[in-house]
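What follows is each chain in one-letter form.
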Amino acid sequence: MCLGIPAKVTSIDEGMAEVDVGGVRRKISIQLLKYVRIGEYVLLHAGFAIQRIDEKEAQETLKLLEEINEVR
Amino acid sequence: MRFVDEFRDPKLARKLLDGIKGLTPDREVNLMEVCGTHTVAIFKHGIKELLPQGVNLLSGPGCPVCVTPMETIDRAIALAGLPGIIFTTFGDMIKVPGSSSSLEEAKAQGKDVRIVYSSLDALRIAKENPKKKTIFFGIGFETTSPSIACTLSRAKKEGIKNFFLLSAHKLIPPAMKAILEAKEVNLAGFISPGHVSTIIGSRPYEFISKEFGTPCVISGFEPLDVLQSIYMLLLQIRERKPKVEIQYRRCVKPEGNIKAQKELDKVFEISDSSWRGLGTIPNSGLRLRKEFSSFNAEKAFDVQIESSPEPKGCLCGEILRGVRIPVECSLFVKECTPEHPIGPCMVSSEGTCATYYKYHRRKDYEKR
Ligand code: SF4
């Protein structure tokens, strides 16, 4: 039920956005976001974008994992 | 898919597993994955089997379908049976058995029950059918409720009078508190729900580490996310410094999604709520604010619901509290299957029983 999937924003129009979800296009609401830019990824849940996905944080998490056994 | 494949890298997973092995304490530790989406991810990727002996994962109450009381389901079925009603709901809810029927059976008997993907679809149905009354069965945790709030705000703004909400929304942190207070299971840490936390952030969990001394890590849903969260929990356990940490940093900010919180707060207020298996938990539900009470299906339609006993022999309640596992239920696989579910934990695609059923041929499924 709490599933959220990454969706790439391809266009924006008055509180709605068109997104690409693994090749499938969908219209979703972006009313729950303060702002979002075209080209960004959002988390899609039940027809709404519930959060923007932070590219930099994603990279950092992966970098941390690369280093994990050395850090300890 | 972006932000998915990177977090499934087997090389990094092996590294994390080595890290986890190095941190495994001598005594057994039980970690609870609160969210049903985590339960599915854990089984799908075989994470339980990969963990070293002594690190146990228990499933918690985070399946909205499973924790919806039978009385609410009976109410939904009764509402769907009224004349002139279009009853809309998320797909997971349709098969859940009430005391004598289900929404699916109501549909088979000719009632207008429709599955929607989004509450906005339900609102659209209401607009397209002005002569009928459309009810939306709103279930879900903090992940879902802001979207419902948004839809209701829109309905109000557009002056739509034939749209109603049957609200069964619930909040996750109070349920985690109830589980800790019950002391039925010895929990060493929580894998906290990632998508609930995109909305509420990390602060609402702080009491868990401060008051109960229980570590919390907010986790994403890919294998590396879950493994890293377990690693972080074990590190906290070793250092004896319980705190709330965010593993799922690409989606969760400490303050959460403030816009979504505001949308939610405009429409709903916090109330006590009854959970299947957990009973009534203070401040764990959402009810419509006065300004939105005209949308309240419970007020708009008068249906009498009798209190109904839980299905005989079903252990859903204990399973939702992490006290039992599905294989301990005498009905599991024998009488209760996804085709013929007896309890809600077998219906929902994220119910613990349904997840065990799907993967139960794996030899290790009985390990706890
Ligand atoms: S297997 Fe079926 S009857 Fe047993 S606890 Fe799960 S849902 Fe209930």
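Residues numbered from 1 in each chain as written. Chains lettered and ligands numbered in written order. Predicted model: local features only at pLDDT ≥ 70, side-chain atom pairs only at ≥ 80, totals over all residues. Heavy atoms only, no water.

Draft legend 1. Highlighting the overall build of chain A. Helix and strand content of chain A: two helices and five strands. For chain A, the C-alpha radius of gyration of 15 Å lies well beyond 11 Å, the compact-globule estimate for 72 residues. By principal-axis analysis of the C-alpha atoms, chain A measures approximately 50 × 25 × 25 Å. Looking at chain A as a whole, 47% of its 72 residues are labelled buried. Counting contacts in chain A only where the partners sit at least 6 residues apart, residues at least 24 apart contribute 31% of the total. When the accessible surface of chain A is summed, it comes to about 3,700 Å², and 49% of that surface belongs to carbon and sulfur atoms. For chain A, the distance from the average site of its 10 positive side-chain charges to the average site of its 12 negative ones is 3 Å. (Helix = DSSP H or I, 4+ residues; strand = E, 2+ residues; numbered from the N terminus. Rg over C-alpha atoms; globule rule 2.2 N^0.38 Å. Buried < 20%, exposed > 50% of the residue type's maximum accessible area, 1.4 Å probe, protein only. Contact = heavy atoms within 4.5 Å. Areas by Shrake-Rupley, 256 points an atom, 1.4 Å probe, with all protein chains shown as cover. Lys, Arg positive; Asp, Glu negative; His and termini not counted. Charge placed at Lys NZ, Arg CZ, Asp CG, Glu CD.)

Draft legend 2. Main features of the pattern of salt bridges. Across all of its chains, the model carries 25 salt bridges over all chains by this definition. Between Arg25(A) and Glu18(A) there is a salt bridge whose closest N-O contact spans 3.3 Å. For Asp121(B), the salt bridge goes to Arg124(B), with nearest N and O atoms at 3.7 Å. Linking Asp121(B) with Arg124(B), this pair stays in helix α7 (residues 119–128), spanning three residues, or about one helical turn. The class for Asp121(B) is partly exposed, based on a relative accessible area of 22%. Residue classification places Arg124(B) among the partly exposed positions, given a relative accessible area of 40%. Overlapping salt bridges, with partners in common, bring together Asp265(B), Glu269(B), Arg287(B) and Arg289(B) in one network. (Salt bridge = Lys/Arg side-chain N within 4 Å of Asp/Glu carboxyl O.)

Draft legend 3. How the structure looks around the side chain of Arg321(B). Residue and element names in this part refer to chain B. Residue placement: Arg321 occurs in the loop between α15 (316–320) and α16 (352–359). Looking at Arg321, its side chain comes within polar contact range of the side chain of Glu184, at 2.6 Å. In this structure Arg321 touches Met32, Ile179, Glu184, Val185, Gly277 and Leu278, once residues within four positions along its chain are discounted. (Polar contact = N/O pair within 3.5 Å; in protein donor to acceptor, adjacent residues only side chain to side chain.)

Draft legend 4. Region of interest: empty space enclosed by the protein. All names here are of chain B. In the structure shown here, the tally under the stated rule is four cavities of 30 Å³ or more. Here the largest cavity is characterised by a volume of approximately 100 Å³. Around the largest cavity sit 13 residues that line it, and Cys314, Cys316, Cys329, Cys336 and Cys353 are the ones nearest its centre. Of the residues that constitute the lining of the largest cavity, the class distribution is 12 nonpolar, one polar and no charged. (1 Å grid on protein atoms, 1.4 Å probe; cavity = no way out; pocket = protein on both sides within 12 Å on 5 of 7 lines; lining within 4 Å. Points joined across faces, edges and corners; volume = space filled by probe spheres on them. Nonpolar A, V, L, I, M, F, W, Y, C, P; charged D, E, K, R; others polar.)

Draft legend 5. The arrangement of unusual backbone geometry in detail. Residue and element names in this part refer to chain B. Phi at Arg240 is positive, roughly 55°, even though this residue is not glycine. Note on placement: Arg240 falls in the loop between α12 (223–239) and β9 (244–246). The exposure class of Arg240 is exposed, given its relative accessible area of 74%. One non-glycine residue with positive phi stands out, namely Asn283, at about 50°. Along the polypeptide, Asn283 turns up in strand β11 (residues 279–288).

Draft legend 6. Local environment of the interface of chain A and chain B. Counting residues at the interface gives 39 residues for chain A, matched by 52 residues for chain B. With both sides pooled, the region where chain A packs onto chain B buries about 4,000 Å², and carbon together with sulfur makes up 64% of that total. The interface formed by chain A and chain B holds four salt bridges in total. At the junction of chain A and chain B, the tally comes to 14 residue pairs in polar contact (both at pLDDT 80 or more). Where the side of chain A that touches chain B is concerned, the elements lending two or more residues are β3 (24–29), β4 (41–45), β5 (48–52), α1 (55–66) and α2 (68–71) of chain A. Ranked by residue count, the leading element in the side of chain A that touches chain B is α1(A), at 10 residues. Here the residues of the side of chain A that touches chain B are counted per class, giving 18 nonpolar, 10 polar and 11 charged. (Buried area = accessible area lost by both parts, 1.4 Å probe.)

Draft legend 7. Structural view of the nonpolar core. Ranked by size, the top nonpolar core spans 142 residues in total, and within it Phe87(B), Tyr205(B) and Ile230(B) carry the most contacts. Counting residues per element, this core draws most heavily on α12(B), which supplies nine residues. Counting 12 residues, the second largest nonpolar core, distinct from the first, contains Ala17(A), Val21(A), Val36(A) and Leu44(A). (Core = buried A, V, L, I, M, F, W, Y, C linked by side-chain atoms within 4.5 Å.)

Draft legend 8. Representation of the pairing of β3(A) within the structure. Residue and element names in this part refer to chain A. Both strand β2 (residues 16–21) and β3 contribute to a ladder of six bridges, which runs antiparallel. When the bridges of β3 are listed, Val21 appears paired with Val24. Hairpin connection from β2 to β3: two residues lie between these consecutive antiparallel strands, with Gly22 at a positive phi of about 50°. (Pairing = 2+ DSSP bridges.)

Draft legend 9. Structural detail: helix α8 (residues 145–157) of chain B. All names here are of chain B. The terminal C-alpha atoms of α8, which comprises 13 residues, lie 18 Å apart, in line with the 18 Å expected from a rise of 1.5 Å per residue. Burial runs high along α8: 10 of the 13 residues are buried. Within the span of α8, buried status applies to Ser145, Pro146, Ser147, Ile148, Ala149, Cys150, Thr151, Leu152, Ser153 and Ala155. Once α8 finishes, Gly159 follows within two positions and takes phi at roughly 65°, a positive value. (Expected span 1.5 Å × (residues − 1).)

Draft legend 10. Region of interest: the sheet that holds strand β6 (residues 163–169) of chain B. All names here are of chain B. The strand order β4-β3-β5-β6 describes an open sheet built from four strands, whose pairing is parallel. Looking at the sheet topology across the chains shown, the edges are occupied by β4 (113–115) and β6. Going from strand to strand, the sheet's axes swing by 25° on average, the running direction of each strand aside. Note: strand β3 (residues 85–89) against β4, three bridges, orientation parallel. Bridged to Thr89 within β4 is Ile115. Contacts between α7 and the sheet are confined to β3, β4, β5 (133–140) and β6, with β5 contributing the most and set at about 170° to the helix. Set on the sheet, α8 makes contact with β5 and β6; between it and β6 the angle comes to about 160°. (Axes fitted to C-alpha atoms, helices over the stretch in contact; angles between N-to-C directions.)

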